[in-house]
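# Coordinate analysis (summary)
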Amino acid sequence: GAVVSQHPSWVICKSGTSVKIECRSLDFQATTMFWYRQFPKQSLMLMATSNEGSKATYEQGVEKDKFLINHASLTLSTLTVTSAHPEDSSFYICSAYRSGQPNQPQHFGDGTRLSIL
Amino acid sequence: SQQGEEDPQALSIQEGENATMNCSYKTSINNLQWYRQNSGRGLVHLILIRSNEREKHSGRLRVTLDTSKKSSSLLITASRAADTASYFCATDAAGNNRLAFGKGNQVVVIP
């Protein structure tokens, strides 16, 4: 089955630190990946669409300079939370689907819990 | 933007009982998907139902879709303790895999 690996699973760091989260599709190519944010006991909020070889598309209200996305290959997208502050603490999840096929289920990473002190 | 919204429910049922949860959405869709999330983990895909389908089964799961009412339901039959999780519906309005998630239903199955 399709597997998406997300790393790290848990990060605790000081305010002002930049944190990079990786999302890899292990056994399939993904020209598009998605990044979500989830607050406790709430639903997933789509932050941005990561496109291989081009700029990410950000949802309204998401600061692109705060959340830098790079999709340099068909199997890897990274989300960097720049100069993180306590309000950026959250659960971040990525997803991907097999390229070139419509009506595909998405495969999710296990998420990254980010805690900013 | 498209948004799936489950009826806000926290279900607590006994093992062996059936669990039903609902989802409504506001605009036309290409497909609707159901996912399960165990606490602190990523989401696991359960079923995808296309807009021209009315019902779909997968093991103990049954999903219905009523596009005239813009609603869907997920039925879990003969529930097990391992079914304890949050369940989300998500809609794909344009067929481009960009999903809008509903609020989720927390299901607790008591052994």
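Residues numbered from 1 in each chain as written. Chains lettered and ligands numbered in written order. Predicted model: local features only at pLDDT ≥ 70, side-chain atom pairs only at ≥ 80, totals over all residues. Heavy atoms only, no water.

## Things to note about the nonpolar core
Across soluble globular proteins, nonpolar side chains have a tendency to be buried as a group. Counting 24 residues, the largest nonpolar core has W35, F67, L79, Y92 and L114 of chain A as its most contacted members. Breaking this core down by element, the ones donating at least two residues are β2 (10-13), β3 (19-25), β4 (32-38), β5 (44-51), β7 (67-73), β8 (76-81), β9 (90-96) and β11 (112-116) of chain A. Sequence-distant contacts of Y92 of chain A, defined by excluding residues within four places in its chain, comprise Q6, I21, Y36, R37, M47, F67, L79, G111, T112 and L114 of chain A. One finds I13, I29, L32 and C89 of chain B within the second-largest nonpolar core, a separate group that totals 22 residues. (Core = buried A, V, L, I, M, F, W, Y, C linked by side-chain atoms within 4.5 Å. Buried < 20%, exposed > 50% of the residue type's maximum accessible area, 1.4 Å probe, protein only. Helix = DSSP H or I, 4+ residues; strand = E, 2+ residues; numbered from the N terminus. Contact = heavy atoms within 4.5 Å.)

## Concerning a nonpolar patch on the surface
Residues and elements named next belong to chain A. Residues W10, I12 and L117 make up a contiguous nonpolar surface patch of roughly 400 Å² in combined accessible area. Summarising the element assignment, L117 is placed in the segment after β11. Classification of L117 as exposed rests on a relative accessible area of 65%. (Patch = residues over 30% accessible without salt bridge, like charges linked within 9 Å, V, L, I, M, F, W, Y side chains within 5 Å. Areas by Shrake-Rupley, 256 points an atom, 1.4 Å probe, with all protein chains shown as cover. Salt bridge = Lys/Arg side-chain N within 4 Å of Asp/Glu carboxyl O.)

## Digging into unusual backbone geometry
Note the cis peptide between H7 of chain A and P8 of chain A, where omega equals 0 degrees. Looking at the secondary structure, you find P8 of chain A in the loop between β1 (4-7) and β2. Positive phi values are uncommon outside glycine, yet K70 of chain B reaches one of about 50 degrees. Mapped onto the fold, K70 of chain B is located in the loop between β7 (61-66) and β8 (71-76). Even without being glycine, N97 of chain B reaches a positive phi, approximately 70 degrees. Mapping N97 of chain B onto the fold places it in the loop between β9 (85-92) and β10 (99-101).

## A look at the interface of chain B and chain A
The interface of chain B with chain A comprises 20 residues on the first partner and 20 residues on the second. Interface area, chain B with chain A, both sides summed: about 1700 Å², of which 46% is carbon and sulfur. Summed over the three residues of chain B that lose the most area to chain A, namely N97, R98 and F101 of chain B, the buried surface amounts to 32% of that side. Run the count over chain B and chain A and you get two salt bridges. For R98 of chain B, the salt bridge identified is with E59 of chain A, shortest N-O distance 2.5 Å. For the interface between chain B and chain A, the tally reads six residue pairs in polar contact (both at pLDDT 80 or more). For the side of chain B that touches chain A, the secondary-structure elements that each account for two or more residues are β4 (31-37), β5 (43-50) and β10 of chain B. When its residues are assigned to classes, the side of chain B that touches chain A shows six nonpolar, ten polar and four charged. (Buried area = accessible area lost by both parts, 1.4 Å probe. Polar contact = N/O pair within 3.5 Å; in protein donor to acceptor, adjacent residues only side chain to side chain. Nonpolar A, V, L, I, M, F, W, Y, C, P; charged D, E, K, R; others polar.)

## Thoughts on the pattern of salt bridges
Residues and elements named next belong to chain A. Inspection of the entire model under this criterion finds seven salt bridges over all chains. Where K66 meets D88, a salt bridge forms, and the shortest distance between an N and an O atom there is 2.8 Å. With a gap of 22 residues between them, K66 in the loop between β6 (57-58) and β7 and D88 in the loop between β8 and β9 connect regions that are remote in the sequence. Of the residues examined, K66 reaches a relative accessible area of 13% and is grouped as buried. On the accessibility criterion, D88 (5% relative accessible area) is buried.

## Some details on the environment of H45 of chain B
Note on placement: H45 of chain B falls in strand β5. Here H45 of chain B falls in the partly exposed class, since its relative accessible area comes to 25%. Taking the C-alpha atoms as reference points, H45 of chain B and R98 of chain B, separated by 53 residues in sequence, lie 15 Å from one another. Not counting chain neighbours up to four residues away, the residues in contact with H45 of chain B comprise P105 and Q106 of chain A together with Q33, W34 and Y35 of chain B.

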